[in-house]
Amino acid sequence: MNQNKVLSLLSLAQKAGKIASGEFSTEKSVKSGKAFLVIVAEDASGNTKKMFSDMCGYYEVPIYFMADKETLGHYIGKEFRASLAVNDEGFAKSVMSKLDSLNQ
């Protein structure tokens, strides 16, 4: 099992219009209750990681750290992306189950 399956799912979710990416959009998704999952790049700044960790804790949104900014951006067809939110429960559950099996 590898990270590519997760990234492919994110790519599908993006095509379906279920991804909000970039710090501003990710934050907006979380605060408006649309986000079912937040993913932050492992090479994001400490500030960014802390901000999203705190926010996701407060709003009870699962958060995962994976890949780097370039890879995250590439798979959703964008430039560098330090963060993204999955705004679809089905996609979010699929991504989380794949990430959980990666981390075991």
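Bear in mind that the values here come from a model prediction, so they are computed numbers and not experimental data.

Thresholds applied
- Residues numbered from 1 in each chain as written.
- Predicted model: local features only at pLDDT ≥ 70, side-chain atom pairs only at ≥ 80, totals over all residues.
- Heavy atoms only, no water.
- Helix = DSSP H or I, 4+ residues; strand = E, 2+ residues; numbered from the N terminus.
- Expected span 1.5 Å × (residues − 1).
- Buried < 20%, exposed > 50% of the residue type's maximum accessible area, 1.4 Å probe, protein only.
- Contact = heavy atoms within 4.5 Å.
- Axes fitted to C-alpha atoms, helices over the stretch in contact; angles between N-to-C directions.
- Parallel < 35°, antiparallel > 145°, perpendicular 65-115°, else oblique.
- Left-handed = near helix turned anticlockwise from the far one by under 90°.
- Core = buried A, V, L, I, M, F, W, Y, C linked by side-chain atoms within 4.5 Å.
- Patch = residues over 30% accessible without salt bridge, like charges linked within 9 Å, V, L, I, M, F, W, Y side chains within 5 Å.
- Areas by Shrake-Rupley, 256 points an atom, 1.4 Å probe, with all protein chains shown as cover.
- Salt bridge = Lys/Arg side-chain N within 4 Å of Asp/Glu carboxyl O.
- Lys, Arg positive; Asp, Glu negative; His and termini not counted.
- Charge placed at Lys NZ, Arg CZ, Asp CG, Glu CD.

Attention now moves to helix α1 (residues 3–15). End to end, α1 covers 19 Å across 13 residues, agreeing with the expected 18 Å (1.5 Å per residue, within 8%). The complete set of buried residues in α1 reads Val6, Leu7, Leu9, Leu10, Ser11, Ala13 and Gln14. Here the buried face of α1 lies against β1 (19–21), β2 (37–40), α4 (69–75), β4 (83–86) and α5 (89–102). A positive phi of about 75° marks glycine 17, the residue just after α1.

What follows concerns the packing of helix α2 (residues 23–31) against helix α3 (residues 46–59). In the contact formed by α2 and α3, the axes pass within 10 Å of each other and the chain directions differ by 15°. Considering the angle they form, α2 stands roughly parallel to α3. The element α2 and its partner α3 pack so that their crossing is left-handed. Every residue of α3 that contacts α2 at Glu23, Thr26, Glu27, Val30 and Lys31 is listed here: Thr48, Met51, Phe52, Met55, Cys56 and Tyr59.

Before going further, it helps to examine the nonpolar core. Counting 21 residues, the largest nonpolar core has Leu10, Leu37, Ile39, Leu72, Leu84, Val86 and Val95 as the members making the most contacts within it. With residues near it in sequence (within four places) discarded, valine 95 still touches Val6, Leu9, Leu10, Leu37 and Ile39. Core analysis: the second largest hydrophobic core is formed by 12 residues, Ala20, Val30, Ala35 and Ala44 among them.

So, about a negative patch on the surface. Judged by side-chain charge, Glu42, Asp43, Asp68 and Glu70 come together as a negatively charged surface patch. For glutamate 70, the location among the structural elements is in helix α4.

Spatial relationships are all this shows, so hold off on functional conclusions.
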